[in-house]
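For reference, the chains in residue letters:
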Amino acid sequence: MKVCKFGGSSLADAGQLTKVIDIVLADPQRRIVVVSAPGKRNKNDTKVTDLLIALAKCALDGKNTASALDAVVARYAEIAKSLDLGDEIVQSIRDDLQARLAQVPKDGGDAGGFMDLLKAAGEDNNAKLVTIAFQKRGKKARYASPKETGMVLEGESGNATLDPESYKKLSRAFADFAGIVVYPGFFGYRADGSVATFPRGGSDITGSILAAAVRADVYENFTDVDSVYPVDPRLVPEVKTGIDTMTYREMRELSYAGFGVFNDEAIFPAVQARIPINVRNTNHPSEPGTMIVQTRRVMPGTVTGIAAANGFTNIIIDKYLMNRQIGFTRKLLSIFEEEGVSYEHSPSGIDSISVIVRSERFDPALEKRTVARIKRELNPDSVIVSHDYAIVMVVGEGMCYSAGMLARATTALARAGINISMVNQGASEVSFMLGIRSADHDRAVRALYEAFFGE
Ligand code: ASP
(Lines give C-alpha, C1' and ligand atoms only; values in the text may rest on other atoms or scores of the structure.)
Protein backbone atom coordinates (compact mmCIF):
# COMPACT_ATOMS: atom_id res chain seq x y z
CA MET A 1 0.00 0.00 0.00
CA LYS A 2 1.13 3.56 -0.70
CA VAL A 3 0.43 6.63 1.39
CA CYS A 4 0.55 9.75 -0.75
CA LYS A 5 0.59 13.30 0.44
CA PHE A 6 -0.27 16.28 -1.77
CA GLY A 7 0.93 19.74 -0.77
CA GLY A 8 -0.93 23.03 -1.09
CA SER A 9 0.33 23.86 -4.60
CA SER A 10 -0.96 20.45 -5.79
CA LEU A 11 -4.44 21.37 -4.56
CA ALA A 12 -4.53 25.08 -5.25
CA ASP A 13 -7.34 24.97 -7.82
CA ALA A 14 -9.65 22.65 -9.75
CA GLY A 15 -7.04 21.94 -12.45
CA GLN A 16 -4.49 20.84 -9.84
CA LEU A 17 -7.05 18.76 -7.95
CA THR A 18 -7.95 16.95 -11.18
CA LYS A 19 -4.27 16.04 -11.63
CA VAL A 20 -4.22 14.71 -8.06
CA ILE A 21 -7.26 12.51 -8.67
CA ASP A 22 -5.76 11.18 -11.92
CA ILE A 23 -2.52 10.35 -10.13
CA VAL A 24 -4.27 8.49 -7.32
CA LEU A 25 -6.55 6.58 -9.68
CA ALA A 26 -3.60 5.55 -11.87
CA ASP A 27 -2.29 3.22 -9.16
CA PRO A 28 -4.58 1.03 -7.02
CA GLN A 29 -1.83 0.90 -4.39
CA ARG A 30 -2.46 4.58 -3.62
CA ARG A 31 -4.93 4.04 -0.83
CA ILE A 32 -4.36 6.76 1.74
CA VAL A 33 -4.30 10.32 0.42
CA VAL A 34 -3.15 13.05 2.81
CA VAL A 35 -4.10 16.56 1.74
CA SER A 36 -2.93 20.07 2.59
CA ALA A 37 -5.19 23.10 2.42
CA PRO A 38 -5.35 24.79 -1.01
CA GLY A 39 -2.08 26.70 -1.51
CA LYS A 40 -1.03 29.50 -3.84
CA ARG A 41 -2.41 29.52 -7.39
CA ASN A 42 0.33 31.92 -8.46
CA LYS A 43 3.22 33.82 -6.91
CA ASN A 44 1.11 36.67 -5.52
CA ASP A 45 -1.68 34.48 -4.19
CA THR A 46 -2.34 33.72 -0.51
CA LYS A 47 -2.51 30.19 0.92
CA VAL A 48 -5.79 29.21 2.57
CA THR A 49 -3.87 28.61 5.82
CA ASP A 50 -2.75 32.24 5.78
CA LEU A 51 -6.30 33.40 5.03
CA LEU A 52 -7.44 31.38 8.06
CA ILE A 53 -4.76 32.93 10.26
CA ALA A 54 -5.99 36.37 9.18
CA LEU A 55 -9.57 35.30 9.93
CA ALA A 56 -8.62 34.05 13.40
CA LYS A 57 -6.78 37.30 14.17
CA CYS A 58 -9.82 39.28 13.10
CA ALA A 59 -11.99 37.30 15.51
CA LEU A 60 -9.47 37.57 18.35
CA ASP A 61 -9.31 41.36 17.86
CA GLY A 62 -13.09 41.54 18.04
CA LYS A 63 -13.33 42.86 14.45
CA ASN A 64 -15.96 42.03 11.85
CA THR A 65 -15.01 38.69 10.28
CA ALA A 66 -17.40 38.73 7.30
CA SER A 67 -14.97 39.56 4.49
CA ALA A 68 -12.13 37.40 5.88
CA LEU A 69 -14.59 34.52 6.11
CA ASP A 70 -15.79 35.08 2.54
CA ALA A 71 -12.20 35.05 1.30
CA VAL A 72 -11.69 31.54 2.70
CA VAL A 73 -15.03 30.17 1.48
CA ALA A 74 -14.40 31.64 -2.00
CA ARG A 75 -11.33 29.43 -2.46
CA TYR A 76 -13.33 26.24 -1.92
CA ALA A 77 -16.36 27.56 -3.83
CA GLU A 78 -14.19 28.18 -6.89
CA ILE A 79 -12.95 24.58 -6.87
CA ALA A 80 -16.39 23.12 -6.14
CA LYS A 81 -17.93 25.12 -8.96
CA SER A 82 -15.32 24.17 -11.56
CA LEU A 83 -15.66 20.48 -10.69
CA ASP A 84 -19.42 20.64 -10.33
CA LEU A 85 -19.36 19.28 -6.77
CA GLY A 86 -22.58 21.02 -5.74
CA ASP A 87 -23.44 23.83 -3.31
CA GLU A 88 -23.88 21.63 -0.29
CA ILE A 89 -20.16 21.20 0.36
CA VAL A 90 -19.58 24.97 0.10
CA GLN A 91 -22.41 25.67 2.55
CA SER A 92 -21.07 23.05 4.95
CA ILE A 93 -17.61 24.67 4.83
CA ARG A 94 -19.15 28.05 5.65
CA ASP A 95 -21.14 26.51 8.54
CA ASP A 96 -18.03 24.75 9.83
CA LEU A 97 -16.01 27.98 9.82
CA GLN A 98 -18.81 29.84 11.57
CA ALA A 99 -19.03 27.15 14.25
CA ARG A 100 -15.28 27.47 14.81
CA LEU A 101 -15.46 31.27 14.97
CA ALA A 102 -18.18 31.03 17.63
CA GLN A 103 -15.56 29.47 19.90
CA VAL A 104 -13.45 32.65 20.02
CA PRO A 105 -12.07 32.88 23.56
CA LYS A 106 -13.15 35.68 25.81
CA ASP A 107 -10.51 37.85 27.54
CA GLY A 108 -7.55 35.83 28.70
CA GLY A 109 -8.76 32.65 26.96
CA ASP A 110 -6.61 30.27 24.96
CA ALA A 111 -5.78 32.29 21.83
CA GLY A 112 -3.23 29.69 20.65
CA GLY A 113 -5.81 26.92 20.82
CA PHE A 114 -8.31 29.06 18.88
CA MET A 115 -5.69 29.79 16.22
CA ASP A 116 -5.07 26.05 15.84
CA LEU A 117 -8.80 25.40 15.58
CA LEU A 118 -9.06 27.86 12.67
CA LYS A 119 -5.83 26.76 10.93
CA ALA A 120 -6.94 23.12 11.00
CA ALA A 121 -10.12 24.05 9.11
CA GLY A 122 -8.03 24.46 5.93
CA GLU A 123 -7.04 20.82 5.58
CA ASP A 124 -10.14 19.42 7.29
CA ASN A 125 -12.56 21.02 4.84
CA ASN A 126 -10.27 20.30 1.91
CA ALA A 127 -10.23 16.59 2.77
CA LYS A 128 -14.03 16.61 2.73
CA LEU A 129 -14.12 18.39 -0.60
CA VAL A 130 -11.49 16.10 -2.15
CA THR A 131 -13.49 13.07 -0.97
CA ILE A 132 -16.52 14.34 -2.86
CA ALA A 133 -14.36 14.93 -5.93
CA PHE A 134 -13.24 11.26 -5.85
CA GLN A 135 -16.84 10.10 -5.41
CA LYS A 136 -17.89 12.28 -8.32
CA ARG A 137 -15.39 10.33 -10.42
CA GLY A 138 -17.18 7.16 -9.39
CA LYS A 139 -14.61 6.00 -6.86
CA LYS A 140 -15.31 4.62 -3.46
CA ALA A 141 -13.72 7.19 -1.14
CA ARG A 142 -14.19 8.36 2.40
CA TYR A 143 -12.97 11.21 4.57
CA ALA A 144 -11.13 10.02 7.69
CA SER A 145 -11.24 12.15 10.78
CA PRO A 146 -8.02 12.58 12.79
CA LYS A 147 -10.16 12.45 15.95
CA GLU A 148 -11.80 9.13 15.17
CA THR A 149 -8.64 7.53 13.82
CA GLY A 150 -6.64 8.48 16.92
CA MET A 151 -4.19 11.21 15.84
CA VAL A 152 -3.47 12.36 19.39
CA LEU A 153 -1.12 15.34 19.76
CA GLU A 154 0.53 17.05 22.69
CA GLY A 155 2.68 20.11 23.39
CA GLU A 156 2.53 23.76 22.35
CA SER A 157 -0.22 25.11 20.08
CA GLY A 158 1.08 25.53 16.54
CA ASN A 159 4.03 23.32 17.33
CA ALA A 160 2.43 20.13 18.59
CA THR A 161 3.96 16.67 18.37
CA LEU A 162 2.45 13.22 18.15
CA ASP A 163 1.70 11.25 21.29
CA PRO A 164 3.55 8.02 20.34
CA GLU A 165 0.69 5.98 21.82
CA SER A 166 -1.34 7.09 18.77
CA TYR A 167 0.30 4.47 16.57
CA LYS A 168 -1.65 1.64 18.15
CA LYS A 169 -5.02 3.03 17.09
CA LEU A 170 -3.83 4.59 13.82
CA SER A 171 -2.39 1.28 12.61
CA ARG A 172 -5.84 -0.33 12.80
CA ALA A 173 -7.87 2.65 11.63
CA PHE A 174 -7.95 1.89 7.91
CA ALA A 175 -8.02 -1.89 7.89
CA ASP A 176 -11.72 -2.34 7.14
CA PHE A 177 -12.11 0.06 4.22
CA ALA A 178 -11.49 -1.01 0.63
CA GLY A 179 -11.71 2.41 -1.10
CA ILE A 180 -9.57 5.53 -1.00
CA VAL A 181 -9.16 7.23 2.36
CA VAL A 182 -8.73 11.01 2.25
CA TYR A 183 -7.04 12.26 5.38
CA PRO A 184 -6.51 15.91 6.36
CA GLY A 185 -2.90 16.80 7.13
CA PHE A 186 -1.47 19.26 9.64
CA PHE A 187 -3.57 18.66 12.76
CA GLY A 188 -4.80 16.26 15.38
CA TYR A 189 -6.54 16.36 18.73
CA ARG A 190 -5.32 16.63 22.27
CA ALA A 191 -6.42 14.14 24.90
CA ASP A 192 -8.97 16.75 26.11
CA GLY A 193 -10.56 16.81 22.63
CA SER A 194 -9.26 20.22 21.50
CA VAL A 195 -7.58 20.72 18.11
CA ALA A 196 -3.79 21.10 17.88
CA THR A 197 -1.63 21.69 14.80
CA PHE A 198 1.86 20.67 13.85
CA PRO A 199 4.28 23.43 12.78
CA ARG A 200 3.67 25.08 9.38
CA GLY A 201 4.12 22.65 6.52
CA GLY A 202 2.95 19.94 8.90
CA SER A 203 0.95 17.87 6.42
CA ASP A 204 4.28 16.20 5.59
CA ILE A 205 4.33 15.04 9.21
CA THR A 206 0.81 13.62 9.01
CA GLY A 207 1.71 11.68 5.85
CA SER A 208 4.87 10.38 7.41
CA ILE A 209 3.04 9.26 10.58
CA LEU A 210 0.36 7.44 8.59
CA ALA A 211 2.94 5.76 6.36
CA ALA A 212 4.68 4.50 9.48
CA ALA A 213 1.41 3.49 11.18
CA VAL A 214 0.13 1.36 8.30
CA ARG A 215 3.63 0.13 7.35
CA ALA A 216 3.19 1.48 3.82
CA ASP A 217 5.42 0.14 1.05
CA VAL A 218 6.27 3.72 0.18
CA TYR A 219 5.42 7.24 1.30
CA GLU A 220 4.89 9.33 -1.82
CA ASN A 221 5.25 13.03 -1.22
CA PHE A 222 3.88 14.98 -4.19
CA THR A 223 5.08 18.52 -4.58
CA ASP A 224 5.99 20.86 -7.44
CA VAL A 225 9.53 19.78 -8.32
CA ASP A 226 10.61 16.81 -10.46
CA SER A 227 13.12 15.63 -7.89
CA VAL A 228 15.50 16.67 -5.20
CA TYR A 229 18.43 18.43 -6.86
CA PRO A 230 22.04 18.11 -5.77
CA VAL A 231 22.21 21.86 -5.31
CA ASP A 232 19.67 24.68 -4.91
CA PRO A 233 18.53 25.50 -8.48
CA ARG A 234 18.06 29.13 -7.47
CA LEU A 235 21.83 29.34 -6.96
CA VAL A 236 22.84 27.08 -9.84
CA PRO A 237 20.04 27.38 -12.44
CA GLU A 238 21.79 25.09 -14.91
CA VAL A 239 21.42 22.07 -12.62
CA LYS A 240 19.15 19.76 -14.56
CA THR A 241 19.79 16.25 -13.29
CA GLY A 242 18.03 15.43 -10.05
CA ILE A 243 19.05 12.85 -7.46
CA ASP A 244 17.42 9.49 -8.22
CA THR A 245 18.18 7.78 -4.91
CA MET A 246 19.57 9.09 -1.67
CA THR A 247 19.74 7.82 1.89
CA TYR A 248 17.88 9.19 4.89
CA ARG A 249 21.25 10.20 6.29
CA GLU A 250 22.13 12.22 3.19
CA MET A 251 18.74 13.92 3.26
CA ARG A 252 19.15 14.78 6.92
CA GLU A 253 22.63 16.25 6.41
CA LEU A 254 21.50 18.32 3.44
CA SER A 255 18.33 19.61 5.03
CA TYR A 256 20.32 20.63 8.09
CA ALA A 257 22.03 23.18 5.87
CA GLY A 258 18.79 24.51 4.49
CA PHE A 259 17.93 22.08 1.70
CA GLY A 260 14.38 23.20 1.04
CA VAL A 261 12.48 20.19 -0.31
CA PHE A 262 11.95 18.39 2.95
CA ASN A 263 11.97 19.23 6.58
CA ASP A 264 14.01 16.37 8.01
CA GLU A 265 12.05 16.37 11.26
CA ALA A 266 8.80 16.06 9.30
CA ILE A 267 9.80 12.76 7.76
CA PHE A 268 11.18 11.30 10.98
CA PRO A 269 8.30 8.83 11.56
CA ALA A 270 8.73 7.30 8.09
CA VAL A 271 12.50 7.24 8.50
CA GLN A 272 12.22 5.51 11.84
CA ALA A 273 9.90 2.88 10.38
CA ARG A 274 12.27 2.54 7.36
CA ILE A 275 9.52 3.37 4.87
CA PRO A 276 11.03 4.55 1.56
CA ILE A 277 10.06 8.12 0.70
CA ASN A 278 9.44 9.13 -2.89
CA VAL A 279 9.46 12.87 -3.67
CA ARG A 280 7.43 13.40 -6.87
CA ASN A 281 5.93 16.14 -8.98
CA THR A 282 2.14 16.46 -9.31
CA ASN A 283 2.68 18.37 -12.56
CA HIS A 284 4.94 15.67 -14.09
CA PRO A 285 3.64 12.39 -12.69
CA SER A 286 5.58 10.29 -15.19
CA GLU A 287 8.87 11.45 -13.63
CA PRO A 288 10.11 8.88 -11.11
CA GLY A 289 11.22 11.58 -8.64
CA THR A 290 13.73 10.99 -5.87
CA MET A 291 13.69 7.90 -3.66
CA ILE A 292 14.94 8.36 -0.10
CA VAL A 293 15.90 5.05 1.45
CA GLN A 294 17.81 3.47 4.31
CA THR A 295 20.75 2.15 2.23
CA ARG A 296 21.80 2.36 -1.38
CA ARG A 297 24.67 1.31 -3.61
CA VAL A 298 27.18 4.09 -4.00
CA MET A 299 29.88 4.99 -6.48
CA PRO A 300 33.07 5.61 -4.52
CA GLY A 301 34.33 9.16 -4.69
CA THR A 302 30.96 10.74 -5.53
CA VAL A 303 29.09 13.58 -3.87
CA THR A 304 25.28 13.49 -3.60
CA GLY A 305 24.53 17.10 -2.80
CA ILE A 306 25.83 20.46 -1.62
CA ALA A 307 23.93 22.83 0.63
CA ALA A 308 24.75 26.00 2.50
CA ALA A 309 23.04 28.00 5.19
CA ASN A 310 23.58 31.53 6.46
CA GLY A 311 22.68 32.74 9.89
CA PHE A 312 25.32 31.33 12.20
CA THR A 313 27.38 33.09 14.89
CA ASN A 314 30.80 31.78 15.89
CA ILE A 315 32.13 32.43 19.38
CA ILE A 316 35.88 31.78 19.42
CA ILE A 317 37.56 31.33 22.81
CA ASP A 318 41.34 31.35 23.16
CA LYS A 319 43.24 30.29 26.24
CA TYR A 320 46.88 29.32 26.35
CA LEU A 321 47.32 25.71 27.61
CA MET A 322 43.58 25.05 27.27
CA ASN A 323 44.34 21.42 26.41
CA ARG A 324 45.72 20.84 29.93
CA GLN A 325 42.70 22.20 31.76
CA ILE A 326 40.37 19.43 32.79
CA GLY A 327 36.71 20.40 32.44
CA PHE A 328 37.20 23.58 30.37
CA THR A 329 34.86 22.49 27.56
CA ARG A 330 32.25 21.20 30.00
CA LYS A 331 32.21 24.50 31.88
CA LEU A 332 32.02 26.44 28.62
CA LEU A 333 29.11 24.40 27.28
CA SER A 334 27.34 24.58 30.65
CA ILE A 335 27.19 28.36 30.23
CA PHE A 336 25.40 27.90 26.90
CA GLU A 337 23.11 25.30 28.44
CA GLU A 338 22.24 27.51 31.40
CA GLU A 339 21.51 30.43 29.06
CA GLY A 340 19.18 28.18 27.06
CA VAL A 341 21.25 28.34 23.85
CA SER A 342 21.48 25.19 21.76
CA TYR A 343 24.95 24.93 20.23
CA GLU A 344 25.36 23.48 16.76
CA HIS A 345 29.09 22.69 16.50
CA SER A 346 32.16 23.07 18.58
CA PRO A 347 35.39 22.55 16.65
CA SER A 348 38.52 22.89 18.75
CA GLY A 349 42.28 23.42 18.51
CA ILE A 350 44.98 23.06 21.16
CA ASP A 351 44.43 26.45 22.74
CA SER A 352 41.15 27.49 21.19
CA ILE A 353 37.60 26.32 20.89
CA SER A 354 34.68 27.67 18.87
CA VAL A 355 31.03 27.41 19.71
CA ILE A 356 28.79 27.86 16.67
CA VAL A 357 25.15 28.78 17.28
CA ARG A 358 22.18 29.82 15.15
CA SER A 359 22.08 33.64 15.17
CA GLU A 360 18.27 33.73 15.33
CA ARG A 361 18.46 32.06 18.74
CA PHE A 362 21.27 34.30 20.01
CA ASP A 363 20.01 37.86 20.24
CA PRO A 364 22.34 40.74 21.25
CA ALA A 365 21.27 40.69 24.92
CA LEU A 366 21.86 36.95 25.16
CA GLU A 367 25.20 37.31 23.40
CA LYS A 368 26.32 40.01 25.83
CA ARG A 369 25.34 37.93 28.86
CA THR A 370 26.95 34.74 27.54
CA VAL A 371 30.22 36.44 26.59
CA ALA A 372 30.38 38.20 29.97
CA ARG A 373 29.93 34.89 31.74
CA ILE A 374 32.61 33.18 29.62
CA LYS A 375 35.04 35.98 30.49
CA ARG A 376 34.19 35.95 34.18
CA GLU A 377 33.95 32.21 34.76
CA LEU A 378 36.64 30.85 32.44
CA ASN A 379 39.14 33.69 32.35
CA PRO A 380 40.12 33.16 28.69
CA ASP A 381 42.85 35.11 26.85
CA SER A 382 40.28 36.32 24.35
CA VAL A 383 36.69 35.87 23.22
CA ILE A 384 35.85 36.91 19.67
CA VAL A 385 32.32 36.81 18.31
CA SER A 386 32.05 36.51 14.57
CA HIS A 387 28.63 37.17 13.05
CA ASP A 388 27.50 36.54 9.48
CA TYR A 389 28.89 33.10 9.44
CA ALA A 390 27.70 30.45 6.96
CA ILE A 391 28.05 26.70 6.88
CA VAL A 392 28.50 24.71 3.69
CA MET A 393 27.84 20.97 3.69
CA VAL A 394 29.20 18.57 1.10
CA VAL A 395 27.28 15.33 1.46
CA GLY A 396 27.55 11.84 -0.01
CA GLU A 397 27.66 8.26 1.20
CA GLY A 398 30.15 7.75 -1.66
CA MET A 399 32.71 9.98 0.04
CA CYS A 400 33.53 7.37 2.70
CA TYR A 401 37.03 5.98 2.35
CA SER A 402 37.68 8.06 -0.78
CA ALA A 403 40.92 10.03 -0.72
CA GLY A 404 41.00 13.62 -1.91
CA MET A 405 37.36 14.68 -1.47
CA LEU A 406 38.15 17.46 0.99
CA ALA A 407 41.13 18.51 -1.12
CA ARG A 408 38.86 19.01 -4.13
CA ALA A 409 36.54 21.17 -2.09
CA THR A 410 39.22 23.31 -0.52
CA THR A 411 41.02 23.74 -3.85
CA ALA A 412 37.77 24.91 -5.47
CA LEU A 413 37.17 27.44 -2.70
CA ALA A 414 40.79 28.61 -2.78
CA ARG A 415 40.49 29.22 -6.54
CA ALA A 416 37.36 31.27 -5.90
CA GLY A 417 39.28 33.29 -3.29
CA ILE A 418 37.06 32.09 -0.44
CA ASN A 419 38.59 31.74 2.99
CA ILE A 420 37.60 28.68 5.03
CA SER A 421 37.45 29.40 8.74
CA MET A 422 36.40 25.97 9.97
CA VAL A 423 36.48 22.39 8.74
CA ASN A 424 34.48 19.67 10.44
CA GLN A 425 34.00 16.07 9.45
CA GLY A 426 32.04 13.57 11.49
CA ALA A 427 33.28 10.04 12.00
CA SER A 428 30.65 8.68 9.59
CA GLU A 429 32.40 10.49 6.72
CA VAL A 430 29.03 10.99 5.06
CA SER A 431 29.64 14.73 4.94
CA PHE A 432 32.07 17.47 5.72
CA MET A 433 31.22 20.96 6.75
CA LEU A 434 33.06 24.17 5.98
CA GLY A 435 32.65 27.47 7.82
CA ILE A 436 32.82 30.57 5.60
CA ARG A 437 31.65 34.17 5.64
CA SER A 438 27.98 34.72 4.73
CA ALA A 439 29.06 37.04 1.94
CA ASP A 440 30.73 34.07 0.21
CA HIS A 441 27.70 31.76 0.52
CA ASP A 442 26.46 31.79 -3.09
CA ARG A 443 29.90 31.75 -4.70
CA ALA A 444 30.99 28.86 -2.48
CA VAL A 445 28.02 26.71 -3.49
CA ARG A 446 28.67 27.40 -7.15
CA ALA A 447 32.42 26.69 -6.86
CA LEU A 448 31.75 23.39 -5.09
CA TYR A 449 29.06 22.42 -7.58
CA GLU A 450 31.51 22.94 -10.43
CA ALA A 451 34.21 20.97 -8.60
CA PHE A 452 32.02 17.91 -7.97
CA PHE A 453 29.37 18.01 -10.72
CA GLY A 454 30.97 20.13 -13.45
CA GLU A 455 32.17 18.72 -16.75
N1 ASP B 1 -1.45 24.20 5.24
C2 ASP B 1 -0.40 24.16 6.20
C3 ASP B 1 0.62 25.26 5.90
O4 ASP B 1 0.45 26.02 4.95
C5 ASP B 1 0.23 22.82 6.32
C6 ASP B 1 0.75 22.21 5.04
O7 ASP B 1 0.44 22.64 3.94
O8 ASP B 1 1.53 21.27 5.13
O9 ASP B 1 1.58 25.38 6.60
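In this text the structure is predicted, and so the values were computed from the model without any measurement. (Residues numbered from 1 in each chain as written. Predicted model: local features only at pLDDT ≥ 70, side-chain atom pairs only at ≥ 80, totals over all residues. Heavy atoms only, no water.)

### Side note on the nonpolar core
Counting 53 residues, the largest nonpolar core has Val3, Phe174 and Leu210 as its most contacted members. At the level of elements, strand S2 (30-35), strand S6 (180-184), helix H8 (203-213), helix H9 (248-256), strand S11 (277-281), strand S13 (305-318) and strand S16 (382-395) are the ones that each hand at least two residues to this core. Ranked by residue count, the leading element in this core is H8, at six residues. Core analysis: the next-biggest nonpolar cluster, separate from the first, contains 51 residues, Ala56, Phe114, Leu117 and Ala133 among them. (Core = buried A, V, L, I, M, F, W, Y, C linked by side-chain atoms within 4.5 Å. Buried < 20%, exposed > 50% of the residue type's maximum accessible area, 1.4 Å probe, protein only. Helix = DSSP H or I, 4+ residues; strand = E, 2+ residues; numbered from the N terminus.)

### Description of the side chain of Thr370
Looking at where Thr370 falls in the secondary structure, it is placed in helix H12 (residues 364-378). Beyond its immediate sequence surroundings of up to four residues, Thr370 is in contact with Ile335, Phe336, Glu339 and Phe362. (Contact = heavy atoms within 4.5 Å.)

### Comments concerning the packing of aromatic side chains
Summed over the entire model, instances satisfying the criterion amount to five aromatic pairs. For the ring pair Tyr449 and Phe453, a centre distance of 5.4 Å and an interplane angle of 15 degrees mean the geometry is stacked. One end of the pair, Tyr449, and the other, Phe453, are both in helix H14 (residues 441-453), four residues apart, so they sit about a helical turn from each other. Overall, Tyr449 belongs to the buried group, its relative accessible area being 12%. Here Lys128 stacks its cationic end above the ring of Tyr143, 5.1 Å away from the centre of that ring. (Phe/Tyr/Trp six-rings, centres within 6.5 Å; stacked < 30°, edge-to-face > 60°. Lys NZ or Arg CZ within 6 Å of the ring centre and 35° of its normal.)

### Quick notes on the site of the ligand
Around the ligand, the neighbouring residues are Ser36, Lys47, Thr49, Glu123, Phe186, Arg200, Gly201, Gly202 and Ser203. Ser36 has a polar side-chain atom sitting 3.0 Å from an oxygen atom of the ligand. For the ligand, an oxygen atom lies 2.7 Å from a polar atom in the side chain of Arg200. Relative to its unbound accessible surface of 260 Å², the ligand loses 93% to contact with the protein. (Near = heavy atom within 4 Å. Polar contact = N/O pair within 3.5 Å; in protein donor to acceptor, adjacent residues only side chain to side chain. Areas by Shrake-Rupley, 256 points an atom, 1.4 Å probe, with all protein chains shown as cover.)

### As for the pairing of strand S15 (residues 352-358)
S15 sits mainly inside the fold: six of its seven residues count as buried. Direction of pairing for S13 relative to S15: antiparallel, over a ladder of seven bridges. In the sheet register, Thr313 faces S15, and the bridge partner there is Val357. Hairpin connection from strand S14 (residues 343-345) to S15: six residues lie between these consecutive antiparallel strands. (Pairing = 2+ DSSP bridges.)

This is a description of form; function is not addressed.
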